[in-house]
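Remarks on the overall topology
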Amino acid sequence: MDKKEARKKSKEARKQITQEEIEDKSLAIANQLLRMDIWDKLYYHLFLTIEEQKEINTEYILQILAGKDKEIVISKCEFATLGMTHFLLTDNTKIKKNSYKVPEPVDGLEVPDAKIDVVFVPLLAYDKQGNRVGYGKGFYDNFLSKCKPETIKIGLSFFPPEEKIEDVSANDVKLDFCVTPEEVFRF
């Protein structure tokens, strides 16, 4: 299966999910994360849910991170460079949706890529080797390639992996884990 096919298949599957299923599955993913040995770090990067795309509700993970007194980092996309600027999430952070409906911080305290210990990665599809398929702009591959080598990359998905994504490029950054409501895949 190539990336285009994987994107299409995942988008179709997401269209079938009800809001109640999104909440139930998102909570199950958060509970799976609690069982993982990842909570001794300090800086955790989390994507904010694009509700219009029926993404995982990351509010549950946000609550876990806040409850564990972790530094929560969120990003703003820089479309001119396909890069991301990362900001510390605080009580004063203002969030605004961009033209693609992605919730982003307006501004705040900037956090360098090298400080981030764990990244929860959005995706549309992934395979049994840890290759992920996003929306196709490369924001996360650009970001993840700048993180320190020991940064833990965790995909979050409602669905099990594809057998193999055929058209992986040298710039694609593999996941270390992918967490679904039912299980944790390690790569």
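Shown above is the structure to which this text applies.
Here's a quick rundown of the structure. (Residues numbered from 1 in each chain as written. Predicted model: local features only at pLDDT ≥ 70, side-chain atom pairs only at ≥ 80, totals over all residues. Heavy atoms only, no water.)

What follows deals with the overall build of the protein. The secondary structure content of the protein amounts to 4 helices and 11 strands. Along the first, second and third principal axes, the C-alpha atoms of the protein reach 40 × 35 × 35 Å. Within the span of the protein, comprising 187 residues, buried residues form 49% of the whole. Taking as baseline every contact in the protein between residues at least 6 positions apart, the subset at least 24 positions apart corresponds to 70%. Distance between charge centres in the protein, computed from 29 positive and 33 negative side chains, equals 3 Å. (Helix = DSSP H or I, 4+ residues; strand = E, 2+ residues; numbered from the N terminus. Buried < 20%, exposed > 50% of the residue type's maximum accessible area, 1.4 Å probe, protein only. Contact = heavy atoms within 4.5 Å. Lys, Arg positive; Asp, Glu negative; His and termini not counted. Charge placed at Lys NZ, Arg CZ, Asp CG, Glu CD.)

This part is about the packing of aromatic side chains. Taken as a whole and assessed by the stated rule, the structure comprises 8 aromatic pairs. Seen from their ring centres, Trp39 and Tyr44 are 5.6 Å apart, and the 20° between their planes marks the pair as stacked. Residue Tyr44 is classed as buried on the basis of its relative accessible area of 0%. Arranged with centres 6.5 Å apart and planes meeting at 70°, the rings of Tyr126 and Phe187 form a pair that is edge-to-face. One end of the pair, Tyr126, is in strand β7 (residues 125-126); the other, Phe187, is in the segment after β11 (184-186), with 61 residues separating them in the sequence. Here Phe187 falls in the partly exposed class, since its relative accessible area comes to 29%. Through pairs of rings, three or more aromatic residues link up here, namely Trp39, Tyr44 and Phe120. (Phe/Tyr/Trp six-rings, centres within 6.5 Å; stacked < 30°, edge-to-face > 60°.)

Attention now moves to the environment of Phe158. Its place among the elements puts Phe158 in the loop between β9 (152-156) and β10 (177-179). On the basis of relative accessible area, Phe158 is assigned to the buried category, the value being 5%. In this structure the C-alpha to C-alpha distance between Phe158 and Ile61, which are 97 residues apart in sequence, comes to 15 Å. Among all residues touching Phe158, those that are not within four sequence positions of it are Ile17, Ile22, Lys25, Ser26, Ile29, Lys54, Glu55, Ile56 and Pro181.

This part takes up the packing of helix α2 (residues 19-34) against helix α3 (residues 59-67). With their axes 8 Å apart at the nearest point, α2 and α3 run at an angle of 35° to one another. By crossing handedness, the relation of α2 to α3 is classed as right-handed. Across the interface between the two elements, Glu23, Ser26, Leu27, Ala30, Leu33 and Leu34 from α2 touch Tyr60, Ile61 and Ile64 from α3. Class assignment of the residues belonging to the contact of α2 with α3 gives a composition of 7 nonpolar, 1 polar and 1 charged. (Axes fitted to C-alpha atoms, helices over the stretch in contact; angles between N-to-C directions. Left-handed = near helix turned anticlockwise from the far one by under 90°. Nonpolar A, V, L, I, M, F, W, Y, C, P; charged D, E, K, R; others polar.)

Turning next to helix α1 (residues 3-15). Under the 1.5 Å per step criterion, the end-to-end length of α1 is 18 Å for 13 residues, consistent within 8% with the ideal 18 Å. Restricting attention to buried positions, one finds in α1 the residues Lys3, Ala6, Ser10 and Arg14. Around the axis of α1, the buried residues are gathered within 65° of arc, so they sit on the same side. Exposed residues on α1 whose side chains face more than 90 degrees from its buried face are Lys4, Lys8 and Lys15. In this fold, the buried residues of α1 make contact with β7 and β8 (132-133). A side-chain oxygen of the first residue of α1 lies 3.2 Å from the backbone nitrogen of Lys4; this N-cap is Asp2. (Expected span 1.5 Å × (residues − 1). Arc of directions from axis to C-beta. Polar contact = N/O pair within 3.5 Å; in protein donor to acceptor, adjacent residues only side chain to side chain.)

Sheet topology note: the strand β1 (residues 43-45)/strand β2 (residues 71-78) ladder contains 3 bridges and is parallel. Considered in β2, the bridge of Tyr44 is made with Ile72. Following the chain from β1 across α3 to the adjacent parallel β2, one finds a crossover that is right-handed. Here β2 runs beside strand β3 (residues 83-88); their pairing, made up of 6 bridges, is antiparallel. Opposite Val73, over in β3, you have Leu88 as the bridge partner. (Pairing = 2+ DSSP bridges. Right-handed = clockwise from strand over helix to strand, strands pointing away.)

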